[in-house]
Amino acid sequence: ADIPPVEEQLDFIMQCLPNLKVLGFLYNPGEVNNVIFLKHLEKAAKEKNIKILKASASKTADIQAAVNSIVEDVDALFIGNDNTIVSGLEAVIKTSLKAKKPFFVSDPDSVNRGALAAYAYD
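What you see is a predicted model; the values in this text were computed from it and never measured.

Draft legend 1. View of the overall build of the protein chain. Looking only at helices and strands, the protein chain features six helices and five strands. Put simply, the protein chain runs from its N terminus to its C terminus through helices and strands in the order α-β-α-β-α-β-α-α-β-α-β. A compact globule built from 122 residues should have a C-alpha radius of gyration of about 14 Å, and the protein chain, at 13 Å, falls within 12% of that. Across its three principal directions, the C-alpha atoms of the protein chain cover 35 × 30 × 25 Å. Burial status across the protein chain gives 47% buried among its 122 residues. Counting contacts in the protein chain only where the partners sit at least 6 residues apart, residues at least 24 apart contribute 70% of the total. Here the protein chain displays about 6500 Å² of accessible surface, and carbon together with sulfur accounts for 50% of that area. With 13 positive and 16 negative side-chain charges, the protein chain shows a separation of 8 Å between the mean positions of the two kinds.

Structure follows, in structure tokens:
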């Protein structure tokens, strides 16, 4: 599998939100692909002076608490191709809408479910 285009995704989010300072990232630390993705994201964000505020959810029942723990402290929310978070996407969407925080994804199908936008491989 290819890692999603981390730098391009971050550039896309910055085009949408030019004043982006803090990006919230939700992930399952048990999914190795997302831990690797997060390391790439943190490196790319550091080069652009963006702070990554992360929250983990090991199962779908933990997603609501994870998003609640960071939503007020971020300019936007973002997830990679995380199976756990995508499974409980509605909790993130509901919370992001209530807090009026944009929610970006790596999975285009998640836009149909309510995320603001996706930047991904075709």
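Draft legend 2. How the structure looks around the sheet that holds strand β2 (residues 51-56). Here five strands make up an open sheet; going across it, the order is β2-β1-β3-β4-β5 and the pairing parallel. Each end of this open sheet is capped by a strand with a single partner; those strands are β2 and β5 (117-118). Here helix α2 (residues 32-47) sits on the sheet and contacts β1 (22-27), β2 and β3 (76-78); the angle it forms with β1, its principal contact strand, is near 175°. On top of the sheet, helix α5 (residues 89-99) reaches β1, β3 and β4 (103-105); it is set at about 150° to β4, its chief contact.

Draft legend 3. Highlighting the pattern of salt bridges. Per the counting criterion, the structure on display carries four salt bridges. Note that lysine 59 and aspartate 62 form a salt bridge whose closest N and O atoms lie 3.9 Å from each other. Residues glutamate 90 and arginine 113 are paired through a salt bridge, measuring 2.8 Å at the closest nitrogen-oxygen approach. Linking glutamate 90 in helix α5 with arginine 113 in helix α6 (residues 108-113), this pair joins segments that are 23 residues apart in sequence. On the basis of relative accessibility, which here comes to 42%, the residue glutamate 90 falls in the partly exposed class.

Draft legend 4. Structural context of the packing of helix α3 (residues 63-70) against α5. Interhelical geometry of α3 versus α5 gives an angle of 30° and a closest axis separation of 9 Å. The pairing of α3 with α5 is recorded here as roughly parallel in orientation. In the crossing of α3 with α5, the sense of the turn from one axis to the other is right-handed. Packed against α3, whose contacting residues are Ile63, Gln64, Val67 and Asn68, the element α5 presents Ala91, Val92 and Thr95 at the interface. Residue composition of the contact of α3 with α5, grouped by class: four nonpolar, three polar and no charged.

Conventions and cut-offs
All residue numbers here refer to positions counted from 1 along the written sequence of the relevant chain. Local features in a predicted model are, by the rule used here, given only for residues with pLDDT of at least 70; side-chain atom pairs are given and counted only at 80 or more, and totals for whole chains, interfaces and linings are based on all residues. Computation of side-chain values: all heavy atoms of the structure, hydrogens and water removed. Helix numbers and strand numbers start at the N terminus; a helix is a DSSP run of H or I with at least 4 residues, a strand a run of E with at least 2. Only C-alpha atoms enter the radius of gyration; for comparison, a globular chain is expected to reach 2.2 Å times N to the power 0.38, where N is the number of residues. Accessible area is worked out with a 1.4 Å probe on protein chains only. A residue is then buried under 20% of its type maximum, exposed over 50%, and partly exposed in between. Here, two residues are considered to be in contact whenever any of their heavy atoms come within 4.5 Å of each other. The protein chains shown are the only cover counted for residues, whose accessible areas, like all others here, come from Shrake-Rupley with a 1.4 Å probe. Two residue types count as positive, namely Lys and Arg, and two as negative, namely Asp and Glu; His and chain ends fall outside the count. By convention, the point assigned to a charge is CZ for Arg, NZ for Lys, CD for Glu and CG for Asp. At least two bridges found by DSSP between two strands are what make those strands a pair. Comment: axis = line fitted to C-alpha atoms, over the contacting stretch for helices; angle = value between 0 and 180 degrees taken between N-to-C directions. Each salt bridge in this description consists of a side-chain nitrogen of Lys or Arg and a carboxyl oxygen of Asp or Glu lying within 4 Å of one another. Roughly parallel refers to an angle under 35 degrees, roughly antiparallel to one over 145, roughly perpendicular to one between 65 and 115, and oblique to any angle outside these ranges. Whether a crossing is left-handed or right-handed is set by the direction in which the near helix is turned from the far one by less than a right angle, anticlockwise for left-handed and clockwise for right-handed. Gly falls in the polar group here, along with every residue not listed as nonpolar (Ala, Val, Leu, Ile, Met, Phe, Trp, Tyr, Cys, Pro) or charged (Asp, Glu, Lys, Arg).

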